[in-house]
Amino acid sequence: MSGADVPPGTGAEPHGFPLDELLRIARMAADGAATLITDRRPEHLGVTQKSTETDHVTEMDTAAERLIREVLAQHRPADAVLGEEFGGEISPDGVTWIVDPIDGTTNYLYDHPGYAVSVAAWNGAIPLVGVVADPTHRRTYHARLGGGAWCSDPQDPAGPVRRLSLGKPRPLPQMLIATGFGYEPARRAVQGRVVAELLPQVRDIRRMGAAALDMCSVAAGRVDAYYEAGLSVWDLAAGRLIASEAGATVEAIEGGEVRPGSVLVCHPERVGELRALLHRCGVSPIDV
Ligand code: LIP
């Protein structure tokens with residue numbers, strides 16, 4: 001992976017970390033895993049149940065995380081790794097790689113568009129770099145702290161990248177809002193009632209099934225905002241940085257620091273209105 005594959009680096013090392021190098025490694029890992037789950041998908045996909053009858057992990061989730069961990073062990077052996085399938089810990093002071101090998105596993109299981117490989121490097125609770133690889137659309141989104149958000153060209157994935165920046169916000173009733181739902185039936189009933197209230201008050205709803213892609217879609221202007229309650233840290237570890245580096249506000253639904261139980265990603269000029277509307281619709285953040 002040459003330096004040309006990422007925007008010109010600054011060489012700076014804010015927070016004392018080599019962000020250009022971390023980004024290069026993250027892209028190598030994410031793009032490698034995206035190629036694996038695409039090219040090596042077996043005809044009969046091995047599947048295991050997780051938290052509920054509709055929450056699964058496939059053999060390609062685990063294979064992809066193994067590949068990512070091999071890349072990280074080779075290039076950053078001293079760093080911590082926290083992954084959805086094999087766990088781990090967050091380093092209190094060094095670099096922690098936070099990995100979702102397939103975000104949108106249900107879509108992958110059905111071979112339905114809307115899944116991605118998410119790889120992020122954090123220092124404590126600060127995202128340093130983030131990469132979200134979307135193999136269905138041949139796009140890789142990436143960002144480094146303070147370096148903007150970027151997306152590769154589906155026609156030329158290894159070629160030049162395009163900078164992502166939010167445009168002028170639409171009025172709230174004309175906004176396309178992405179969201180998602182948990183796996184647990186009682187939680188889904190609550191989340192469904194919120195959507196029923198919200199739907200007549202905005203342009204439309206999109207439920208794409210992968211938080212990482214939802215946040216990248218805000219960054220790329222494919223939806224106007226995204227909210228969800230009840231994610232895991234690996235769902236948002238990379239996408240939150242890509243969205244914020246594109247100019248989006250990334251906060252908790254109720255305000256304050258974003259956390260897996262409460263995510264709101266929106267143009268800064270619409271956050272207050274959308275937050276108030278979601279509150280009126282009965283959205284309830286979750287302490288996970
Ligand atoms: C998915 C999230 C998505 C949520 C889905 C699922 P997974 O993660 O990215 O936002 O709505 O229910 O939790 O389980 O595919 O890694």
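The structure this text deals with has already been given above.
So, here is what we can say about the structure in this document.

## A word on the pairing of strand S11 (residues 176-179)
Argument step 1. By the alternation rule, side chains of S11 split into Leu176 and Ala178 and Ile177 and Thr179, which are all buried.
Argument step 2. With three bridges joining them, S11 and strand S12 (residues 204-206) adopt parallel strand pairing. In the strand pairing of S12, alanine 178 is matched with arginine 206.

## Observations regarding the environment of isoleucine 205
Argument step 1. Among the secondary structure elements, isoleucine 205 is positioned in strand S12.
Argument step 2. It is 15 Å that separates the C-alpha atoms of isoleucine 205 and proline 171, two residues lying 34 residues apart in sequence.
Argument step 3. Not counting residues up to four positions away in its chain, the partners in contact with isoleucine 205 are Leu176, Ile177, Thr179, Val195, Leu198 and Leu199.

## Here we look at the packing of helix H1 (residues 19-39) against helix H2 (residues 59-75)
Argument step 1. One can describe the packing of H1 onto H2 by two numbers: an axis separation of 9 Å at closest approach and a directional angle of 150°. Relative to H2, H1 is oriented roughly antiparallel. Here the hand of the crossing between H1 and H2 comes out right-handed. Across the interface between the two elements, Arg24, Ile25, Met28, Ala29, Gly32, Ala33, Leu36 and Ile37 from H1 touch Met60, Ala63, Ala64, Leu67, Ile68, Val71, Leu72 and His75 from H2.
Argument step 2. In the contact of H1 with H2, the residues fall into 13 nonpolar, two polar and one charged.

## Let's talk about empty space enclosed by the protein
Argument step 1. Applying the stated criterion to the full structure yields one cavity of 30 Å³ or more.
Argument step 2. Taken as a whole, the largest cavity encloses approximately 70 Å³ of empty space.
Argument step 3. Every residue lining the largest cavity is listed: Thr179, Gly180, Phe181, Val190, Gln191, Val194, Val195, Tyr227, Ala229, Val283 and Ser284.
Argument step 4. For the lining of the largest cavity, the element with the most residues is helix H4 (residues 185-198), which contributes four residues.

The rules we used
- Residues numbered from 1 in each chain as written.
- Predicted model: local features only at pLDDT ≥ 70, side-chain atom pairs only at ≥ 80, totals over all residues.
- Heavy atoms only, no water.
- Buried < 20%, exposed > 50% of the residue type's maximum accessible area, 1.4 Å probe, protein only.
- Helix = DSSP H or I, 4+ residues; strand = E, 2+ residues; numbered from the N terminus.
- Pairing = 2+ DSSP bridges.
- Contact = heavy atoms within 4.5 Å.
- Axes fitted to C-alpha atoms, helices over the stretch in contact; angles between N-to-C directions.
- Parallel < 35°, antiparallel > 145°, perpendicular 65-115°, else oblique.
- Left-handed = near helix turned anticlockwise from the far one by under 90°.
- Nonpolar A, V, L, I, M, F, W, Y, C, P; charged D, E, K, R; others polar.
- 1 Å grid on protein atoms, 1.4 Å probe; cavity = no way out; pocket = protein on both sides within 12 Å on 5 of 7 lines; lining within 4 Å.
- Points joined across faces, edges and corners; volume = space filled by probe spheres on them.

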